[in-house]
Amino acid sequence: MKDKWGALIDIEDVILQRIEQIEEDDPDLEVGYELIGEENRGIIITALEDALVSVEFVESDLSWRRELAEKEYLDAGDEDILVAVIVPNDAFLDVYGRLRKHVTRGIMVLSYESLGILSTPMAG
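Residues numbered from 1 in each chain as written. Predicted model: local features only at pLDDT ≥ 70, side-chain atom pairs only at ≥ 80, totals over all residues. Heavy atoms only, no water.

### Some thoughts on the overall build of the protein
The number of helices and strands found in the protein is four helices and five strands. Listed by position from the N terminus, the elements making up the protein come as α-β-β-β-α-β-α-β-α. Over its C-alpha atoms the protein spans a radius of gyration of 14 Å, differing by no more than 12% from the 14 Å that the globule rule assigns to 124 residues. When its C-alpha atoms are laid out on the principal axes, the protein stretches across 40 × 30 × 25 Å. (Helix = DSSP H or I, 4+ residues; strand = E, 2+ residues; numbered from the N terminus. Rg over C-alpha atoms; globule rule 2.2 N^0.38 Å.)

### Examining the side chain of Glu59
Mapped onto the fold, Glu59 is located in the loop between β3 (51-58) and α2 (69-77). Not counting chain neighbours up to four residues away, the residues in contact with Glu59 comprise Ile11, Arg41, Trp64, Arg66, Tyr73, Val85, Ile86, Val87, Pro88 and Tyr112. (Contact = heavy atoms within 4.5 Å.)

### Let's talk about the sheet that holds strand β1 (residues 30-36)
Spatially, five strands are ordered β1-β2-β3-β4-β5 in an open sheet, and the strand pairing comes out mixed. Both outer strands of the open sheet, β1 and β5 (107-111), are each paired with one neighbouring strand and no more. Mean inter-strand twist for the sheet, computed between neighbouring axes without regard to direction, equals 20°. Bridge count for strand β4 (residues 82-87) against β5 is five bridges, and the pairing is parallel. Residue pairing for β5: Val83 is matched across the bridge by Ile107. On top of the sheet, helix α1 (residues 11-25) reaches β1, β2 (41-48), β3 and β4; it is set at about 170° to β1, its chief contact. Where helix α3 (residues 92-99) meets the sheet, its contacts fall on β4 and β5, and the angle it forms with β5 comes to roughly 175°. (Pairing = 2+ DSSP bridges. Axes fitted to C-alpha atoms, helices over the stretch in contact; angles between N-to-C directions.)

### Points about the packing of aromatic side chains
This structure, assessed with the given rule, holds two aromatic pairs. Each ring, one from Phe92 and one from Tyr96, has its centre 5.9 Å from the other, and the planes form 20°; the classification is stacked. Placement of the pair is Phe92 and Tyr96 together in helix α3, with a separation of four residues, close to one helical turn. (Phe/Tyr/Trp six-rings, centres within 6.5 Å; stacked < 30°, edge-to-face > 60°.)

### Section: a negative patch on the surface
On the surface, Glu20, Glu23, Glu24 and Asp25 cluster together into a negatively charged patch. By the element assignment, Glu23 lies in helix α1. Accessibility expressed as a relative area gives 39% for Glu23, which makes it partly exposed. (Patch = residues over 30% accessible without salt bridge, like charges linked within 9 Å, V, L, I, M, F, W, Y side chains within 5 Å. Areas by Shrake-Rupley, 256 points an atom, 1.4 Å probe, with all protein chains shown as cover. Salt bridge = Lys/Arg side-chain N within 4 Å of Asp/Glu carboxyl O. Lys, Arg positive; Asp, Glu negative; His and termini not counted. Charge placed at Lys NZ, Arg CZ, Asp CG, Glu CD. Buried < 20%, exposed > 50% of the residue type's maximum accessible area, 1.4 Å probe, protein only.)

### A word on the pattern of salt bridges
According to the stated counting rule, one finds nine salt bridges in the structure shown. Across the pair Arg41 and Glu39 runs a salt bridge whose closest N-O atoms are separated by 2.5 Å. Taking the relative accessible area as the measure of exposure, Arg41 reaches 5% and is therefore buried. Owing to a relative accessible area of 31%, Glu39 belongs among the partly exposed residues under this scheme.

Here is the structure:
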């Protein structure tokens, strides 16, 4: 994701900030993540005593536009767990508009800003 200066956003930094929040909110949760570098996005998975609790898709301003993104979110929503899609502030209204009909399936759309997450440029 590019910030207003044209630098790619460090998606791993965004993910680590979110994991810190999750662990602060509930220290009993087991939290893991997968970085999908070629698409500049990631997935955070939380579990409690081996039971899946939630999946959070952390998207960049480019990755949320993927053709299969919405299907991934819906498939996760079918698992009867909490599903969150976390997107940059600029993408929030577009993504919310695409997913709002699925809110009843437990899919939430959150922006970095609403979570208090800062997006930092990637080093290099």
